[in-house]
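# Observations on the three-dimensional arrangement
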Amino acid sequence: MNRNNLQRCLINRRAIANVVTSAILLSAVSIMGVAMLGWSNTNLAIQKQAIDELFNTEINKINEDLIFDNIWFSTTCPGNCINVTMTNVGTLGLNVTEMKFVNGTTLLDLQYFYYTDGGIVPFGTFSSNATYSFPINSGDKINVVVFTERGNQFTTQVIYP
């Protein structure tokens, strides 16, 4: 092999190497681009679903509405008890999960009651007899705070007779 043939052979090899390297780089960039596009679409879909769930939860919280029909104290129950009757006037069913009594003057929590069966259909009622153990005098103000499963709270105040 003479010198000219050797140079031609090396030049041809370099040209092929450039083409192969360029093809590999283009393939790698294409694969990474497709992977990034897939990842971003998945990420956007997850974020969209989270926003939809948050929006629906907040709309459902707005549609919950509860009014207190009657609150009365009794000493004829086993111990002292308070009866709280509520009506769901919202457009959705709701679940009462907790009721607490708060001193209306000092705002100290007096007693908590928890419920697992406090479901109320729209325009349905829920009544609960709760035996309380806190001291109370005639004329004391008691705040009744009811919490729902969606995180809403409804409050009213009664005066002990």
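Residues numbered from 1 in each chain as written. Predicted model: local features only at pLDDT ≥ 70, side-chain atom pairs only at ≥ 80, totals over all residues. Heavy atoms only, no water.

## Section: the pairing of strand E1 (residues 66-74)
Sheet topology note: the E1/strand E2 (residues 81-88) ladder contains eight bridges and is antiparallel. Paired with Trp72 across the bridge in E2 is Asn83. Between E1 and E2, which pair antiparallel and follow one another directly, the connecting turn spans six residues, one of which, Gly79, has a positive phi of 90°. (Pairing = 2+ DSSP bridges. Helix = DSSP H or I, 4+ residues; strand = E, 2+ residues; numbered from the N terminus.)

## Description of the nonpolar core
Core analysis: the largest hydrophobic core is formed by 25 residues, its most contacted members being Val84 and Phe101. Where this core is concerned, the elements lending two or more residues are E1, E2, strand E3 (94-103), strand E4 (109-120), strand E5 (125-131), strand E6 (141-148) and strand E7 (153-159). (Core = buried A, V, L, I, M, F, W, Y, C linked by side-chain atoms within 4.5 Å. Buried < 20%, exposed > 50% of the residue type's maximum accessible area, 1.4 Å probe, protein only.)

## So, the sheet that holds E3
Judged by pairing direction, the sheet is antiparallel, and its four strands sit side by side in the order E4-E3-E6-E7 without closing on themselves. Every other strand in the sheet has two partners, leaving E4 and E7 as the edge strands with one partner each. Neighbour-to-neighbour, the strand axes of this sheet turn through a mean angle of 20°, independent of strand direction. Here E3 runs beside E4; their pairing, made up of eight bridges, is antiparallel. (Axes fitted to C-alpha atoms, helices over the stretch in contact; angles between N-to-C directions.)

## Considerations on the packing of aromatic side chains
One pass over the full model with this rule turns up seven aromatic pairs. A centroid spacing of 6.1 Å and a plane angle of 90° characterise the contact between Phe73 and Tyr132, whose relative ring orientation is edge-to-face. Pair noted here: Phe73 is in strand E1 and Tyr132 is in the loop between E5 and E6, with a separation of 59 residues, a long-range link. With a centroid separation of 6.2 Å and an interplanar angle of 5°, the aromatic rings of Tyr112 and Tyr114 are classed as stacked. (Phe/Tyr/Trp six-rings, centres within 6.5 Å; stacked < 30°, edge-to-face > 60°.)

## What to know about the environment of Leu92
Residue position: Leu92 is located in the loop between E2 and E3. C-alpha of Leu92 to C-alpha of Asn60: the two residues are 32 residues apart in sequence and 7.4 Å apart in space. Beyond its immediate chain neighbours, meaning those up to four positions away, Leu92 contacts Asn60, Asn63, Pro122 and Arg150. (Contact = heavy atoms within 4.5 Å.)

## Re the sheet that holds E2
Spatially, three strands are ordered E1-E2-E5 in an open sheet, and the strand pairing comes out antiparallel. In this open sheet, the two edge strands, each paired with only one partner strand, are E1 and E5. Strand-to-strand twist across the sheet, computed as the mean angle between neighbouring axes with direction ignored, equals 15°.

## Quick look at unusual backbone geometry
Unusually for a residue other than glycine, Leu107 sits at a positive phi of about 65°. With relative accessibility at 56%, the residue Leu107 sits in the exposed group. With a phi angle near 65°, Phe123 is a residue other than glycine that sits in the positive phi range. Inspection of the secondary structure assignment puts Phe123 in the loop between E4 and E5. For Phe123, a relative accessible area of 63% puts it in the exposed group.

## Digging into the side chain of Thr85
Here Thr85 is to be found in strand E2. Looking at Thr85, its side chain comes within polar contact range of the side chain of Asn83, at 3.0 Å. In this structure the side chain of Thr85 is engaged in a polar contact, spanning 3.1 Å, whose partner is the side chain of Ser127. Those residues in contact with Thr85 that lie beyond four places of it in its chain are Ile67, Phe68, Asp69, Asn70, Phe126 and Ser127. (Polar contact = N/O pair within 3.5 Å; in protein donor to acceptor, adjacent residues only side chain to side chain.)

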